[in-house]
Amino acid sequence: MKTTKNRLADSVRDFQPDAKLLRAAKKALATYTLVIEPDSQLCYIGWAKEFPTVFADGPTPEECMASLKFSLESALSAMLGEGFEMPRPISEAKRTQQV
């Protein structure tokens with residue numbers, strides 16, 4: 001039996017999003033907190049705080065950001081196509097611990 005994580009990985013690899021799913025993914029992505037940091041081996045690495053399992057890299061911050069957005073749009077579209085809920089933006093999350 002495949003786990004949810006394995007099903008999602010298979011979906012991302014094989015999924016060709018339709019325009020409606022891609023628009024929804026882009027809309028959600030616009031609300032996420034994206035992080036780009038220098039990396040000694042990859043030049044720059046990026047991820048979304050809401051979706052820490054999807055990474056991208058690039059030789060410049062701009063190329064890393066473009067790659068990250070593509071990766072996240074693909075992953076989010078696959079999630080929607082498989083009936084999964086997208087992660088909520090950090091700004092909507094309730095804080096459960098004192099910072």
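Note that the structure is predicted; figures quoted are calculated from it, not measured.

*Asks:* What is the right way to look at the overall build of the protein in this model?
*Replies:* Each helix and strand in the protein was counted, giving three helices and three strands. In the protein, the succession of helices and strands from N to C terminus is α-α-β-β-β-α. Across the protein, contacts joining residues at least 24 apart in sequence account for 46% of those joining residues at least 6 apart. For the protein, the computed accessible surface area is about 7,000 Å², with 54% contributed by carbon and sulfur atoms.

*Asks:* Looking at this structure, I do not really get the nonpolar core. What am I missing?
*Replies:* Considering soluble globular proteins, one finds that nonpolar side chains tend to be buried as a cluster. Ranked by internal contacts, the top residues of the largest apolar core, which has 14 residues, are Tyr-32, Phe-51, Leu-72 and Leu-76. The element best represented in this core is helix 3 (residues 61-81), accounting for five residues. Once residues lying within four places of it in the same chain are set aside, the contact partners of Leu-72 are Leu-29, Leu-34, Ala-48, Phe-51 and Val-54.

*Asks:* Just to check I follow, could you spell out the pairing of strand 2 (residues 43-48) for this structure?
*Replies:* Within a regular strand, side chains alternate between the sheet's two faces. Taken together, the six bridges between strand 1 (residues 34-39) and strand 2 define a ladder with antiparallel strand orientation. When the bridges of strand 2 are listed, Leu-34 appears paired with Ala-48. As consecutive antiparallel partners, strand 1 and strand 2 are separated by three residues.

*Asks:* Sorry, what's going on with the packing of aromatic side chains here?
*Replies:* Two descriptors summarise a pair of aromatic rings, namely the distance from one centre to the other and the angle between the planes of the rings. Evaluation of the coordinates by the stated rule reveals one aromatic pair. Between Trp-47 and Phe-55, the ring centres sit 6.2 Å apart and the planes meet at 50 degrees, which makes this aromatic pair tilted.

*Asks:* How do you make sense of helix 3 when you look at a structure like this?
*Replies:* Side chains of residues three or four places apart in an α-helix project in the same direction, reflecting 3.6 residues per turn. The terminal C-alpha atoms of helix 3 lie 30 Å apart, and with 21 residues this matches the ideal 30 Å at 1.5 Å per residue to within 8%. Along helix 3, the residues that are buried comprise Cys-64, Leu-68, Leu-72, Glu-73, Ala-75, Leu-76, Ser-77, Ala-78 and Met-79.

*Asks:* Just to check I follow, could you spell out the side chain of Glu-73 for this structure?
*Replies:* Topologically, Glu-73 is positioned in helix 3. With no salt bridge to any partner, buried Glu-73 finds its closest opposite charge in Lys-26, at an N-O distance of 4.4 Å.

The rules behind these values
- Residues numbered from 1 in each chain as written.
- Predicted model: local features only at pLDDT ≥ 70, side-chain atom pairs only at ≥ 80, totals over all residues.
- Heavy atoms only, no water.
- Helix = DSSP H or I, 4+ residues; strand = E, 2+ residues; numbered from the N terminus.
- Contact = heavy atoms within 4.5 Å.
- Areas by Shrake-Rupley, 256 points an atom, 1.4 Å probe, with all protein chains shown as cover.
- Core = buried A, V, L, I, M, F, W, Y, C linked by side-chain atoms within 4.5 Å.
- Buried < 20%, exposed > 50% of the residue type's maximum accessible area, 1.4 Å probe, protein only.
- Pairing = 2+ DSSP bridges.
- Phe/Tyr/Trp six-rings, centres within 6.5 Å; stacked < 30°, edge-to-face > 60°.
- Expected span 1.5 Å × (residues − 1).
- Lys, Arg positive; Asp, Glu negative; His and termini not counted.
- Salt bridge = Lys/Arg side-chain N within 4 Å of Asp/Glu carboxyl O.

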